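# Coordinates in review
Chain residues, written in single-letter form:
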Amino acid sequence: MIINNKWAKYTYWYFSLILVYLASCTMQQKKTEKESDYYTISKTEPILEKTIIKESYEQQVYSNEIKSIEIGVKNLKSGEPCYKINSGEPLQVDFDLLNEHAAAIQFELIHCDRNWVKSDLMEMEYIEGYASDFIEGITISSGTINQYIHYKFNIPNNNTKFLISGNYILKVFEEDQNDAPLFTVKIFVSEQTSDINFKLLESNDMEQRKYLQSYELNCTFNSSAIEDPYNNIHVNIQQNHQEFDEQWLSGPNFIRENKLVFLPTEERTFNGGNEFRFFDISSFRSGSQKVEKLFFEENEYHVILKKEPKRSYKQYLEYKDLDGRSFIRSYDADDASSEGEYGIVHFELPIREILEENVFLFGQLTNWTIDEKHQMKYDSITKSYKCEQLLKQGYYNYIYVTKKGDFITTRQLEGAHFDANNEYVVKVYYLDPVNLYDRLLSYQVFKIIT
């Protein structure tokens, strides 16, 4: 058979192209399968994102050996834990360590945001000098039944100065035991660049207006230095240092020139509360008001307070109090800080039946915290709630609160009255979008006498 050479040539090239194409497809498929095995994530497997958990802080005493914590402007220790930046009036910190021998104790300052989460700033950005240092003011107790070491220091000081405003955690710990603090407390550094006006009003709720305190508030800001005040300024309000029912305000009702205005609403109310209970144990040699009995037994002083019932339905009685504060003093010694005695104070709250809620002491004597160390236990024999606290000689305010789940209130045991005299702490924060931290523009205390 005769084959045309021309057609043979075309046929040869045609089959060659087909073979090359098939080989190319096979290699591409293998490559795709290989890449798929390496890169493809199964649709059923979730994509895990790295979550950064920032450390948050609370005010807490972790050691049973720590007692009598006081923080305030020097020579006014019953004042506020707030340092006004560049004021020249440092905060003085005092506390006792129940021990016979002095220990090397350090402190550390940690900058936080307005919600007490550690900020992203480095130490050199908020502290000039040392953010952590040793406490040098140490005095061993003299002539006391309970031996203790009294510690005292100021902040800021020659080694530590604040560069910026905001919330700070003061952590105190034994040498090189940073991860096991003795206690942590909240302190504030304020710029005092915002003027605050705070006014109490009767609630619009006709059924509750005898029990609630409503309010209106306005605060100024520097319009040339503050960006978007409507969203970046946040106001915190506390009644008598009670964090459990604090309120946050943002987004004012309107802005008038350089002033944010917050008008009264149904939500902007506090229980009027009641005056704080009190007792005076400045002397263990003689009795005093609110003390039923004082005696010495088994090498300890004991103070039995007078039984005072719950005040839920009692008529309001006005008297001067310290709005929950306490201060250390002794009529039996010259220097209460190192010569003041400790005694076991017995609290008793008569109630006929055990409550569904837990009952706690509250005030500066509990370091403004609510925990099991200050919980009252029900005694079915005496039909009352009881607890004992080891306290130093001094004058004390306190109140009873109930807690069920996350709900905490003073109203169940102490009642609520619009006429009650309360102290309101107002703080104005600015979330600085440039420097990326919460500045404390102002910290002001309003003693409201109705």
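Residues numbered from 1 in each chain as written. Predicted model: local features only at pLDDT ≥ 70, side-chain atom pairs only at ≥ 80, totals over all residues. Heavy atoms only, no water.

### Re the overall build of the chain
How we decide: Labels follow the DSSP assignment, with helices taken as runs of H or I lasting at least four residues and strands as runs of E lasting at least two, numbered in each case from the N terminus. Only protein chains enter the accessibility calculation, which uses a 1.4 Å probe; a residue whose area is less than 20% of its type maximum is buried, one above 50% is exposed, and one in between is partly exposed. Contact criterion: two residues are considered in contact whenever any of their non-hydrogen atoms come within 4.5 Å of each other. Calculation of accessible area relied on Shrake-Rupley with a 1.4 Å probe; when residues are assessed, cover is drawn exclusively from the protein chains displayed.
If you tally the helices and strands in the chain, you get five helices and 31 strands. For the chain, buried positions account for 48% of its 450 residues. Long-range contacts, defined here as pairs at least 24 residues apart, represent 73% of the contacts in the chain between residues at least 6 apart. In the structure as shown, the chain presents an accessible area of about 25100 Å², 49% of it carried by carbon and sulfur atoms.

### Comments concerning the layout of surface pockets
Which entries qualify depends on this criterion: Put simply, the grid is 1 Å and covers the protein atoms alone, a cavity is a trapped set of points that fit a 1.4 Å probe, a pocket is an open set with protein on both sides within 12 Å along at least five of seven lines, and lining residues have an atom within 4 Å of a point. Grid points are joined across faces, edges and corners, and a volume is the space filled by probe spheres set on the points. All residues other than Ala, Val, Leu, Ile, Met, Phe, Trp, Tyr, Cys, Pro, Asp, Glu, Lys and Arg, Gly among them, are scored as polar; the first ten of these are nonpolar and the last four charged.
Here the largest pocket is characterised by a volume of approximately 780 Å³. Secondary-structure elements contributing two or more residues to the lining of the largest pocket are strand E2 (66-73), strand E12 (183-190), strand E15 (233-239) and strand E30 (422-432). Classifying every residue of the lining of the largest pocket by side-chain character gives 16 nonpolar, 11 polar and 11 charged. By volume, the second largest pocket amounts to about 460 Å³. Every residue lining the second largest pocket is counted, 25 residues in all, and those nearest its centre are Lys67, Leu365, Asn367, Leu390 and Leu391. Where the lining of the second largest pocket is concerned, the elements lending two or more residues are E2, strand E23 (326-328), strand E24 (342-350) and strand E27 (384-392). Residue composition of the lining of the second largest pocket, grouped by class: 11 nonpolar, nine polar and five charged.

### Brief notes about the sheet that holds E24
Our working rule: Should DSSP find at least two bridges between two strands, the strands are taken to pair. For helices, the fitted axis covers only the stretch in contact; all axes are lines through C-alpha atoms, and the angles between them, taken along N-to-C directions, range from 0 to 180 degrees.
Pairing within the open sheet is mixed, and its five strands lie in the order E21-E22-E24-E27-E26. A single partner strand is all that each edge strand has here, and the edge strands are strand E21 (291-297) and strand E26 (377-379). Sheet twist, expressed as the average angle between the axes of neighbouring strands with direction ignored, equals 30°. Across three bridges, the pairing between E26 and E27 is antiparallel. By the bridge assignment for E27, Lys377 is matched with Lys386.

### Overview of unusual backbone geometry
Residue Pro156 is reached from Ile155 by a cis peptide bond, and omega for that bond is -5°. Note that Pro156 resides in the loop between strand E9 (149-155) and strand E10 (160-162). The phi angle at Gln192 is positive, at roughly 55°, despite the residue not being glycine. You can see Gln192 is positioned in the loop between E12 and strand E13 (196-202).

### Section: empty space enclosed by the protein
Tallied over the full model, the rule gives two cavities of 30 Å³ or more. By volume, the largest cavity is sized at about 50 Å³. Lining the largest cavity are Gln239, Asn240, Gln242, Asn271, Gly272, Gly273, Asn274, Phe276, Ile399, Thr410 and Asn422. Broken down by class, the residue content of the lining of the largest cavity amounts to two nonpolar, nine polar and no charged. Size it by volume and the second largest cavity reaches roughly 30 Å³.

### A word on the pattern of salt bridges
As a reminder of what qualifies: Salt bridges are defined as contacts in which a side-chain nitrogen from Lys or Arg sits within 4 Å of a carboxyl oxygen from Asp or Glu.
Per the counting criterion, the structure on display carries 19 salt bridges. Ionic pairing is found between Glu243 and Lys186, a salt bridge with its closest N-O pair at 3.1 Å. Highlighted residues: Glu243 in the loop between E15 and strand E16 (247-249) and Lys186 in strand E12, separated in sequence by 57 residues. Residue Glu243 is classed as partly exposed on the basis of its relative accessible area of 38%. A residue is classified by how much of its surface remains accessible, and Lys186, at 9% relative accessible area, is buried. The shortest N-O distance in the salt bridge between Asp280 and Arg329 comes to 2.8 Å. Linking Asp280 in strand E20 (residues 277-280) with Arg329 in the loop between E23 and helix H4 (336-339), this pair joins segments that are 49 residues apart in sequence. Of the residues examined, Asp280 reaches a relative accessible area of 15% and is grouped as buried. By relative accessible area, which is 23% here, Arg329 ends up partly exposed.

### Overview of the packing of aromatic side chains
We count it as follows: Note on aromatic pairs: the rings of Phe, Tyr and Trp (six-membered ring only in Trp) are paired at centre separations within 6.5 Å, and the planes decide the class, stacked below 30 degrees, edge-to-face beyond 60, tilted for the rest.
Evaluation of the coordinates by the stated rule reveals 28 aromatic pairs. With a centroid separation of 5.2 Å and 45° between ring planes, the pair formed by Phe188 and Tyr443 is classed as tilted. In this pair, Phe188 is assigned in strand E12 and Tyr443 in strand E31 (residues 437-448), connecting sequence segments 255 residues apart. Phe188 gets classed as buried once you look at its relative accessible area, which sits at 9%. Aromatic pair Tyr378 and Tyr385: ring centres 5.0 Å apart, planes at 65°, arrangement edge-to-face. With a relative accessible area of 22%, Tyr378 lands in the partly exposed category. Within the aromatic cluster, the residues linked to one another by ring pairs are Phe198, Tyr215, Phe270, Tyr424 and Phe446.

### Notes on the sheet that holds strand E4 (residues 91-97)
Pairing is antiparallel in the open sheet, where four strands are placed in the order E2-E4-E9-E8. Edge strands, defined here as strands with exactly one partner in the open sheet, are E2 and strand E8 (137-140). Taken over all neighbouring pairs, the strand axes of this sheet differ in orientation by 15° on average, direction set aside. Bridge count for E4 against E9 is seven bridges, and the pairing is antiparallel.

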